[in-house]
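Survey of secondary and tertiary structure
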Amino acid sequence: MAKALVTGSGGLIGSACSRYLCERGWQVTGVDNNMRQEFFGAQGSTNAVVQDLVHNVKGYAHRAVDIRDRQAMRDLLQNERPDFIVHAAAQPSHDRAAAIPYEDFDVNAVGTLNLLVAARDFCKESPICFTSTNKVYGDRPNYLPLVEKEKRFDYADGLDGISESMSIDQCLHSLFGASKVAADVLCQEFGRYFNMPVGVFRGGCLTGPAHSAVELHGYLAYIVLCAVTGRPYTIHGYKGKQVRDQIHSNDVAALFLQFYEKPRPGRPGEVYNLGGGRANSMSILETIDHLAAMGLTLQHSYKDQNRKGDHICYISDLTKVREHYTEWKLAYGLPRIIDEIVQTKLRG
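The rules behind these values
Residues numbered from 1 in each chain as written. Predicted model: local features only at pLDDT ≥ 70, side-chain atom pairs only at ≥ 80, totals over all residues. Heavy atoms only, no water. Buried < 20%, exposed > 50% of the residue type's maximum accessible area, 1.4 Å probe, protein only. Helix = DSSP H or I, 4+ residues; strand = E, 2+ residues; numbered from the N terminus. Pairing = 2+ DSSP bridges. Core = buried A, V, L, I, M, F, W, Y, C linked by side-chain atoms within 4.5 Å. Contact = heavy atoms within 4.5 Å. Polar contact = N/O pair within 3.5 Å; in protein donor to acceptor, adjacent residues only side chain to side chain. Phe/Tyr/Trp six-rings, centres within 6.5 Å; stacked < 30°, edge-to-face > 60°. Axes fitted to C-alpha atoms, helices over the stretch in contact; angles between N-to-C directions.

Looking along a regular strand, one sees the side chains alternate between the two faces of the sheet. With five of its five residues buried, strand 12 (residues 270-274) lies for the most part within the structure. Along strand 12, one buried face is formed by E270, Y272 and L274 and the opposite face, lined by V271 and N273, is buried too. Note that strand 8 (residues 198-203) and strand 12 share five bridges and pair parallel. Note on strand 12: the bridge partner recorded for F201 is Y272.

Our focus in this paragraph is the nonpolar core. Counting residues in hydrophobic clusters, the biggest one holds 33 residues, and the most contacted among them are V28, F84, F201, F256, L274 and W328. Elements that contribute at least two residues to this core include exactly strand 1 (3-7), helix 1 (12-23), helix 3 (47-56), strand 4 (84-87), helix 8 (249-261) and strand 12. Ranked by the residues each element gives to this core, the list is headed by helix 8, at seven residues. Once residues within four sequence positions are removed from consideration, V28 is found in contact with A4, V6, S18, L21, C22, G59, Y60 and A61. Counting residues in hydrophobic clusters, the runner-up holds 30 residues, among them I100, V107, A118 and C187.

Glancing now at the environment of P141. Among the structural elements, P141 can be located in the loop between strand 5 (128-133) and strand 6 (146-148). Each residue touching P141, except ones within four places of it in the same chain, is listed here: I162, M166, H311, C313 and Y314.

All right, on to the environment of R81 then. Note on placement: R81 falls in the loop between helix 4 (70-80) and strand 4. Relative accessible area serves as the criterion here: at 42%, R81 is assigned to the partly exposed category. When near neighbours in sequence (up to four residues on either side) are disregarded, R81 contacts L76, F122 and C123. Only 3.0 Å separates the side chain of R81 from the backbone oxygen of F122, close enough to count as a polar contact.

This paragraph deals with the side chain of S9. When you line up the elements, S9 lands in the loop between strand 1 and helix 1. Not counting residues within four places of it along the chain, the set of residues in contact with S9 comprises G14, S15, S18, G30, V31, D32, L53, Y60 and H62.

Counted under the stated rule, the structure contains twelve aromatic pairs. Ring centres of W26 and Y260 lie 4.9 Å apart, and the angle between their planes is 75°; this geometry places the pair in the edge-to-face category. Here the residue W26 occupies a position in the loop between helix 1 and strand 2 (27-31), and Y260 occupies one in helix 8, the gap between them amounting to 234 residues. Classification of W26 by relative accessible area gives buried; the value is 8%. According to the relative accessible area criterion, Y260 is partly exposed, its value standing at 25%. On the basis of an interplanar angle of 70° and a centroid distance of 5.9 Å, the ring pair of Y272 and Y325 is categorised as edge-to-face.

Take the sheet that holds strand 8 next. By definition, the strands of a sheet pair up through backbone hydrogen bonds, in either a parallel or an antiparallel sense. Strand order in the open sheet formed by seven strands is 3-2-1-4-5-8-12, and the pairing between neighbours is parallel. Two strands close off the open sheet at either side, each with one partner strand: strand 3 (60-63) and strand 12. Adjacent strand axes in the sheet meet at a mean angle of 20° when their direction is disregarded. Here strand 1 pairs with strand 4 via four bridges, running parallel. In the strand pairing of strand 4, T7 is matched with H87. Running at roughly 160° to strand 1, helix 4 makes contact with strand 1, strand 2, strand 3 and strand 4 of the sheet.

What follows is the structure in structure tokens.
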């Protein structure tokens, strides 16, 4: 039986990958110590997701290991020696990182280093998928030529989306972006320097019904939660016309499994932009309209000050990942994603 190790297994991507692999007969060891609750309070807790995995998903085993604990990670990798690693554990908030810089860097950068060294020493041939972020590009996307439309900003020159050729240098990242840059480059370097089958996936807005969304992280699930519960929502700057592309966590899991099966030998440390692409892109104003058409009125206010370093328009160019993984298709369009999140939130 194939064995996988999934860090951040109580989070959105980690739990989706754990379920996806277990459904296909894998033995999955999930690593999660619920630091999300420490970051965001009780609303951000992953405990319910972990308990569901433990009690209801055949093939799943849980380890409440802190990825910052170097020796614990070495012991875990030495004992498990997984065939496949999904590294999804992170401090995920652009805003929260400024208040907890040590914790942010220790989890995102040092935790990644701990995992990579242990993997090199005990299961070097096992493919690794790292969930990076579009925040490694900092605010550089904001300097692309943009056009303001009635309900959204868009690229002025017909650009379909942002590719991996965009520089990550000399721009404003946020501390979260900086810690993820460190982890991103570490993953590339372990791939190239030690010839390890590592893939780096720079996610746009990763979403789905399992998202423990909070105001500081998880935009789409959080705005749906506000609409369903009547909680007030605050739009921060850009007239509410800021755009993100949305990809369902199951589509991410499907791609990661394809990477495991075909990790592009001879090109370790490959980088991919990963999101919903133009077809799954939506602004906040468009999201509000879409929810209204579903009978959900969002109580919202507006602050003219945008979040520091926040993207005005970010749409992932999926050309490279589609060329390398031709069998991978997005199964979840935007209406299906939103409807699934709405139904989940309505059930409470």
